[in-house]
Amino acid sequence: MNRIVVLGSANMDLVVRQSRLPRPGETIFGSGFETVPGGKGLNQAVAAARLGASVDFVGAVGTDAYGDELRALLAAEGIRSPGLASSTEPTGTAHISVVDSGENSIVVVSGANSTVTTLDAAQRETISTAAFLVMQCELPIPVLVEAIALAREAGVFTVLTPAPVVPLPDGFLASVDLVVPNQIEAQELTGESDPVQAAEALSTGLTWAIVTLGSEGCVVAYDGEVLGLAPARPVEAVDTTAAGDTFVGALVARLATSTGAPTEETMVEALRWATVASSVSVTRVGATTSMPSFDEVAAILA
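Remember, predicted model here, so these are calculated numbers, not experimental data. (Residues numbered from 1 in each chain as written. Predicted model: local features only at pLDDT ≥ 70, side-chain atom pairs only at ≥ 80, totals over all residues. Heavy atoms only, no water.)

A. Local environment of helix 5 (residues 183–190). Residue Asn182 occupies the N-cap position of helix 5, its side-chain oxygen lying 3.1 Å from the main-chain nitrogen of Ile184. Just beyond helix 5, the residue with positive phi is Gly191, at close to 80°. (Polar contact = N/O pair within 3.5 Å; in protein donor to acceptor, adjacent residues only side chain to side chain. Helix = DSSP H or I, 4+ residues; strand = E, 2+ residues; numbered from the N terminus.)

Okay, here's the thing in structure tokens:
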């Protein structure tokens, strides 16, 4: 198994369930509340680990109860975290509203995540000796630029979920080996409302691009050419909070089972696992609490 390093955010998700989103100035009653470990980076690390991957996590949490809980979760999932710094800032939080249809809206308060502005020697060693580097945009962009340059020099395959969409340096996306936005993010990044055209634009220059479309599946492209549409697995969604992160974590976990750079064949196989894992996650409530195990996904694909 090739080793995966996730450089990303670790948050505590504060989740409110409600019938609908309130209008501006309106107060409504919710039907439930819970705290769930999350953050796009931590989510993707857990998803990959549950699919059998060897995972290291690099980021920061506060020296508070939420930070202690997130460290405990990583340890319980078998994810190594010597690169997880302790910050004087509070652990990041995500404030999530989930409506009865399963759709959600999220406000993130970065906290300790915002302090990850550069890599220390141990973190650089962790990244440079891995096979895959997985990132999102919930950390400061300068540390992602530093990590990508280090990964390229060391021959590490880089994967980026460009969420949330933030201003990026020129050439940033082209320097990534695989970019995985959803349809809205792809449109914001390229100006193309058609996901096929967006995938083509994002994949120029020997880059893989996978634009996820929710219940409609995903568009896959490489080097400026769309390779096809991978269908979704039909399920009744309860909570879509972790769908994208589960997809990415499972995708990279399966890519890590093959040697060498991904090929069209290994990417298609990885997409099968990612699609099933994501479909299972939306039938459950929460982020890390919704992610399936290797055995669950394997049983569905058997």
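B. Just the layout of surface pockets, in detail. Roughly 1,300 Å³ of internal volume is contained in the largest pocket. The wall of the largest pocket is formed by 48 residues, among which Asn182, Thr240, Thr241, Ala243 and Gly244 lie closest to the centre. Elements that contribute at least two residues to the lining of the largest pocket include exactly strand 2 (11–18), helix 1 (40–50), strand 6 (92–99), strand 7 (104–109), helix 5, helix 7 (243–255) and helix 8 (264–281). Ranked by the residues each element gives to the lining of the largest pocket, the list is headed by helix 7, at five residues. When the residues that make up the lining of the largest pocket are grouped by side-chain class, the tally is 23 nonpolar, 18 polar and seven charged. Estimated volume of the second largest pocket: approximately 230 Å³. Looking at the second largest pocket, it is lined by 14 residues, and the ones nearest its centre are Ala230, Pro231, Val268, Leu271 and Arg272. Those elements that place two or more of their residues in the lining of the second largest pocket are strand 13 (225–230) and helix 8. Looking at the lining of the second largest pocket element by element, the count peaks at six residues for helix 8. Within the lining of the second largest pocket, the residues separate by chemical class into nine nonpolar, two polar and three charged. (1 Å grid on protein atoms, 1.4 Å probe; cavity = no way out; pocket = protein on both sides within 12 Å on 5 of 7 lines; lining within 4 Å. Points joined across faces, edges and corners; volume = space filled by probe spheres on them. Nonpolar A, V, L, I, M, F, W, Y, C, P; charged D, E, K, R; others polar.)

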